[in-house]
Amino acid sequence: MTTTEPVEPRVAGSSKSALLTAARELFGQRGFEGTTVRDIGELAGVDHALIARYYGSKADLYVAALVAEAQGDQPGPAYEGLADMAQSLIARMDARGVGPVLQAIIRSETSAPIRQAAQAHLARRLVEPTKADMVDRGIDEADLRAELAVSALLGIALGRALGWFDHLRAMPQEQLVALTVELLGEG
């Protein structure tokens with residue numbers, strides 16, 4: 001009779017974290033195309049099928065890895081209205097430039113799955129909270145207006161970060177945020 005030691009089930013949070021850690025390492029070494037979900041699961045020590053459960057797809061995990069890398073493993077902020085979002089995005093782009101998620105959307109060489117995952121990430125982080133705020137305030141066409149507001153805000157932050165316009169680049173952050181919020185209808 002053989003005795004086996006009981007195997008402790010891995011806690012869900014640690015499996016998710018292990019997958020993200022493994023993905024960051026492998027995507028960094030091999031890139032998106034050179035990394036398989038099996039490789040990620042194997043390095044993480046968990047079933048690769050958990051990627052679908054926790055992240056949705058390989059592309060979604062890739063975007064999560066980009067975000068984790070950019071944020072230094074700190075959770076992203078929960079925005080409290082357009083002014084808070086504008087302040088955060090403009091300050092972050094001033095300090096760090098265009099982040100990896102936005103780069104994944106605007107670069108022509110980005111593969112379709114990564115672009116779609118990056119767009120979904122931006123929708124969850126920016127458009128959905130803006131829409132919910134607008135719905136709570138009884139604003140008509142909240143879906144469209146939220147997309148317009150976020151698109152305008154991202155365009156302003158990109159134009160500043162990339163130096164497209166001299167006045168936009170030179171304007172102090174506080175003034176730019178106030179003017180942006182006023183232009184987008186929350187001022």
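Values in this document were obtained by computation on a predicted structure and should not be read as measured data.

A. Summary view of helix 10 (residues 173–183). Buried within helix 10 are the following residues: Leu176, Val177, Thr180 and Val181. Down the axis of helix 10, the sector holding all buried residues measures 125 degrees, keeping them to one side. Opposite the buried face of helix 10, at more than 90 degrees from it, the exposed residues are Glu174, Glu182 and Leu183. Against the buried residues of helix 10 lie helix 5 (82–96), helix 8 (142–161) and helix 9 (166–170). Gly185 sits one or two residues past helix 10 and shows a positive phi near 90 degrees.

B. Spatial organisation of the pattern of salt bridges. For the structure shown, the criterion picks out 6 salt bridges. A salt bridge links Arg107 to Glu109; the shortest N-O distance between them is 3.9 Å. Among the residues examined, Glu109 registers a relative accessible area of 60% and is labelled exposed. The closest approach of N and O atoms between Asp143 and Lys131, which form a salt bridge, is 2.8 Å.

C. The nonpolar core, seen in detail. Within the largest apolar cluster, 53 residues are counted, with the highest numbers of intra-cluster contacts made by Leu19, Phe27, Ile40, Leu61 and Leu126. Here this core takes 9 residues from helix 8, the largest share from any one element. Setting aside chain neighbours within four positions, we find Ile40 in contact with Leu19, Ala22, Ala23, Leu26, Phe27, Thr35, Ile51 and Leu61.

D. Structural view of the packing of helix 7 (residues 112–136) against helix 8. Where helix 7 meets helix 8, the closest approach of the two axes is 8 Å, and the angle between their N-to-C directions is 130 degrees. Between helix 7 and helix 8, the interaxial angle falls into the category oblique. The hand of the helix 7/helix 8 crossing is right-handed. On helix 8, the residues touching Leu122, Leu126, Val127, Thr130, Lys131, Met134 and Val135 of helix 7 are Ala142, Asp143, Arg145, Ala146, Glu147, Ala149, Val150 and Leu154. Counted by class, the contact of helix 7 with helix 8 contains 10 nonpolar, 1 polar and 4 charged residues.

E. Here's a closer look at the packing of aromatic side chains. Using the criterion set out here, one finds 4 aromatic pairs in the structure. An angle of 80 degrees between the planes, with centres 4.9 Å apart, marks the rings of Phe27 and Tyr62 as edge-to-face. One end of the pair, Phe27, is in helix 1 (residues 12–30); the other, Tyr62, is in helix 4 (residues 58–71), with 35 residues separating them in the sequence. The pair formed by Phe27 and Tyr62 is uniform in burial state, with each residue classed as buried. Relative to Tyr62, the ring of Phe32 has its centre 5.3 Å away and its plane inclined at 75 degrees; by these criteria the two rings are edge-to-face. Taken together, the residues Phe32 in the loop between helix 1 and helix 2 (37–44) and Tyr62 in helix 4 connect sequence positions 30 residues apart. The residues Phe32 and Tyr62 share a single accessibility class, namely buried. A connected cluster of aromatic rings, assembled from ring pairs, spans Phe27, Phe32 and Tyr62. Taking NZ or CZ as reference, Lys16 lies 5.6 Å from the ring centre of Tyr55, over its face. Of note, Lys58 hangs over the ring of Phe32, and the distance from its end group to the ring centre comes to 4.4 Å.

How each quantity is defined
- Counting from 1, residues in each chain are numbered in the order their sequence is written.
- Where totals are concerned, whole chains, interfaces and linings use all residues; where local detail is concerned, this predicted model gives features only for residues with pLDDT of at least 70, and gives and counts side-chain atom pairs only at 80 or more.
- Values reported for side chains reflect all heavy atoms of the structure, with hydrogen atoms and water molecules removed beforehand.
- Burial classes: relative accessible area under 20% of the type maximum marks a residue as buried, over 50% as exposed, and values in between as partly exposed (1.4 Å probe, protein chains only).
- Helix and strand assignments come from DSSP, with helices taken as H or I runs of at least 4 residues and strands as E runs of at least 2, each series counted from the N terminus.
- The directions considered for the arc are those from the helix axis to the C-beta atoms.
- We call two residues in contact when some of their heavy atoms are within 4.5 Å.
- Any carboxyl oxygen of Asp or Glu within 4 Å of a side-chain nitrogen of Lys or Arg constitutes a salt bridge here.
- The criterion is simple. A nonpolar core is a set of buried Ala, Val, Leu, Ile, Met, Phe, Trp, Tyr and Cys residues joined through side-chain atoms within 4.5 Å.
- Every angle, taken between N-to-C directions, lies between 0 and 180 degrees, and every axis is a line fitted to C-alpha atoms, over only the stretch in contact when it is a helix.
- What sets the label is the angle itself: under 35 degrees gives roughly parallel, over 145 gives roughly antiparallel, 65 to 115 gives roughly perpendicular, and the rest give oblique.
- Definitions for this section: a left-handed crossing has its near helix turned counterclockwise from the far helix by less than a right angle. A right-handed crossing has that turn clockwise.
- Lys, Arg, Asp and Glu make up the charged group, whereas Ala, Val, Leu, Ile, Met, Phe, Trp, Tyr, Cys and Pro make up the nonpolar group; the residues left over, Gly among them, are polar.
- Pairing of aromatic side chains here covers Phe, Tyr and the six-membered ring of Trp, requires ring centres within 6.5 Å, and sorts the geometry by plane angle: under 30 degrees stacked, over 60 edge-to-face, intermediate tilted.
- Either the NZ atom of lysine or the CZ atom of arginine qualifies as a charge over a ring when it sits within 6 Å of the ring centre and within 35 degrees of the ring normal.

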